[in-house]
Amino acid sequence: MSNLRIIIMYTILLFLFIVSSSTMAAKPSGRAFFVFGDSLVDSGNNNYLLTLARADSPPYGIDSPSHQPSGRFSNGLNFPDLLGEAMGLNPVLPYLSPELNGQKLLNGANFASAGIGILNDTGIQFANIVRIHKQFELFEEYQKRVTVIIGASEAKKLVNKAIVLITLGGNDFVNNYFLPTLTIRRQQFSVPDFCQVLISDYRIILTNLYELGARRVIVTGTGPLGCVPAELAYSGSKNGECATEPQKASSMFNSLLFEMIKGLNTQVGSDIYIGANAFNKNIDMIVNPKQFGFVTSTMACCGQGEYNGVGTCTTLSNLCSNRDEYLFWDAYHPTEKANRIIVQQLINGSNNYIFPMNLSSIMAID
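Residues numbered from 1 in each chain as written. Predicted model: local features only at pLDDT ≥ 70, side-chain atom pairs only at ≥ 80, totals over all residues. Heavy atoms only, no water.

Some thoughts on the state of the cysteines
Right, on to step 1. Going through the model one piece at a time under the given rule, you end up with three disulfides.
Right, on to step 2. What pairs with C227 in a disulfide is C242, and their sulfur atoms sit 2.0 Å apart. Judged by the sign of its S-S torsion, about 100°, the bond between C227 and C242 is right-handed. Here C242 lies in the loop between α9 (229-235) and α10 (244-268) and C227 lies in the loop between β4 (217-220) and α9, a separation of 15 residues in the sequence. (Disulfide = S-S within 2.5 Å. Helix = DSSP H or I, 4+ residues; strand = E, 2+ residues; numbered from the N terminus.)

As structure tokens, then:
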């Protein structure tokens, strides 16, 4: 055998060894987790965008392990962090993070972007944000990247077996329909008609998610939008009473959403979609804050104006000294403590909070 043939043979064997080793080294270490939606679940994607919807400066993150802002709209960990922790899932990075590669990529990814809604015109005031159709495009890109690492068959399994969380709808009301100025959407539609438009579009979104491979999808409804500090301030609430119209709208939207989820599950013949009723749990805490260890359920910890509900949370804002005493961190978002309570209710709660089964049941079945 000539020296040239020996060199070629060893080169081929070395190449095959490297490919085999890299494939063996990069394997999913647990169930993947994917997150889609808005600021309630954004873990930092907007840090990498030229947008006004940001949470990358103090005092955001003041109670996080690093005590530094990460892009989460929270004083600490946010809803997907805590949900993943409770379900024993590996932490996931924002998809736009340059650190998301290799083994970390196999844990899943967070595609959420603060400011977005179900509708494409929601959040236009924030400029550059990753709308839901673009989040799905990035999810397709993600799957191609994973296929290179573990092959097409394993990549499909990884996506099919993953837990998927999607949170949409709140911004379509508070940052579109119910903006203080008269909006185009409010001129076009009554509240019931607007809710129907949202549900119709959301149904397409959830169907697309199924077509992209998702088989366990947790769909959260909106919280009681009329009770957030921003709406209390804008509505001129005197004693913390919730703003009537946003409250009715969120209740109506949630009822339609959960009926739509039941219909989708019937259509696909399996309990693919899990409805999480954030409205009911938040109302419990708003009505009986002391029962959950809160001093107030109307005043935001960080902000200014009535109920600290005007504008955004900045270093110049009023800031409470003990975040665990507050249900709301800023004008729209709950504190880490409030999110922990909500997550625990989804893990072990009744159909009043999550249906057709709670997350403990899902973990046991899967």
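Observations regarding the layout of surface pockets
Right, on to step 1. Considering only enclosed or pocket space, the largest pocket measures out at about 1,000 Å³ in volume.
Right, on to step 2. For the largest pocket, the lining is made up of 48 residues, of which S39, N171, D330, Y332 and H333 are closest to its centre.
Right, on to step 3. Around the second largest pocket sit 22 residues that line it, and R72, D81, P91, V92 and L93 are the ones nearest its centre.
Right, on to step 4. Element by element, the count of residues in the lining of the second largest pocket is highest for helix α2 (residues 79-86), at four residues.
Right, on to step 5. Of the residues belonging to the lining of the second largest pocket, the class tally is nine nonpolar, nine polar and four charged. (1 Å grid on protein atoms, 1.4 Å probe; cavity = no way out; pocket = protein on both sides within 12 Å on 5 of 7 lines; lining within 4 Å. Points joined across faces, edges and corners; volume = space filled by probe spheres on them. Nonpolar A, V, L, I, M, F, W, Y, C, P; charged D, E, K, R; others polar.)

A short note on the nonpolar core
Right, on to step 1. Membership of the largest hydrophobic core comes to 70 residues, with the highest contact counts inside it found for F34, F36, Y142, I166 and Y202.
Right, on to step 2. With nine residues, the single largest contributor to this core is helix α8 (residues 191-211).
Right, on to step 3. In contact with Y142, not counting residues within four places along its chain, are F34, Y95, L105, L106, G108, A109, F111 and L158.
Right, on to step 4. Membership of the second largest hydrophobic core comes to 36 residues, among which are F79, A112, A276 and A331. (Core = buried A, V, L, I, M, F, W, Y, C linked by side-chain atoms within 4.5 Å. Buried < 20%, exposed > 50% of the residue type's maximum accessible area, 1.4 Å probe, protein only. Contact = heavy atoms within 4.5 Å.)

A short note on the pairing of strand β1 (residues 33-37)
Consecutive side chains of a regular strand alternate in pointing toward one face of the sheet and then the other.
Right, on to step 1. Within β1, five of the five residues are buried, which leaves the element mostly enclosed by the surrounding structure.
Right, on to step 2. Residues F33, V35 and G37 line one face of β1 and the alternating positions F34 and F36 line the opposite face, and both faces are buried.
Right, on to step 3. Where β1 and strand β2 (residues 108-110) come together, three bridges link them in parallel fashion. What sits directly across from V35, in β2, is N110.
Right, on to step 4. In this structure, β1 lies alongside strand β3 (residues 163-167), joined through five bridges in parallel fashion. (Pairing = 2+ DSSP bridges.)

Some remarks on the pairing of strand β5 (residues 273-276)
Right, on to step 1. Neither face of β5 is open: one carries Y273 and G275, the other I274 and A276, and all of them are buried.
Right, on to step 2. Direction of pairing for β4 relative to β5: parallel, over a ladder of four bridges. Bridged to V217 within β5 is Y273.
Right, on to step 3. Note that β5 and strand β10 (residues 354-355) share two bridges and pair antiparallel. Directly across from A276, in β10, lies its bridge partner I354.

Side note on the environment of K290
Right, on to step 1. Mapped onto the secondary structure, K290 falls in the loop between α11 (278-287) and β6 (296-300).
Right, on to step 2. For the pair formed by K290 and V35, sequence separation is 255 residues and the distance between their alpha carbons is 32 Å.

Comments concerning the pattern of salt bridges
Right, on to step 1. In this structure the tally under the stated criterion is 11 salt bridges.
Right, on to step 2. In this structure, R31 and D366 form a salt bridge, with 2.6 Å as the shortest nitrogen-oxygen distance. On the criterion of sequence distance, the pair formed by R31 in the loop between α1 (3-25) and β1 and D366 in the segment after α13 (359-365) is long-range, its members being 335 residues apart.
Right, on to step 3. Within the structure, one salt-bridge network assembled from shared partners comprises R31, R216 and D366. (Salt bridge = Lys/Arg side-chain N within 4 Å of Asp/Glu carboxyl O.)

Concerning the confidence of the model for the protein chain
Right, on to step 1. Across the protein chain, pLDDT averages 93, with 92% of residues at or above 70.
Right, on to step 2. With pLDDT under 50 throughout, residues 13-25 is counted as low confidence; its partners more than four residues away or in other chains account for two contacts. (pLDDT = per-residue confidence, 0-100.)

A word on the packing of α2 against helix α12 (residues 336-348)
Right, on to step 1. Where α2 contacts α12, the two axes come as close as 9 Å, and the packing angle between them is 40°. Of the possible angle classes, the one that applies to α2 and α12 is oblique. Helix-helix and strand crossings are classified by hand; for α2 and α12 the assignment is right-handed. Where α2 abuts α12, its residues F79, L82, L83, E85 and A86 lie against E336, N339, R340, I342, V343, Q344, L346 and I347.
Right, on to step 2. Residue classes in the contact of α2 with α12 are distributed as eight nonpolar, two polar and three charged. (Axes fitted to C-alpha atoms, helices over the stretch in contact; angles between N-to-C directions. Parallel < 35°, antiparallel > 145°, perpendicular 65-115°, else oblique. Left-handed = near helix turned anticlockwise from the far one by under 90°.)

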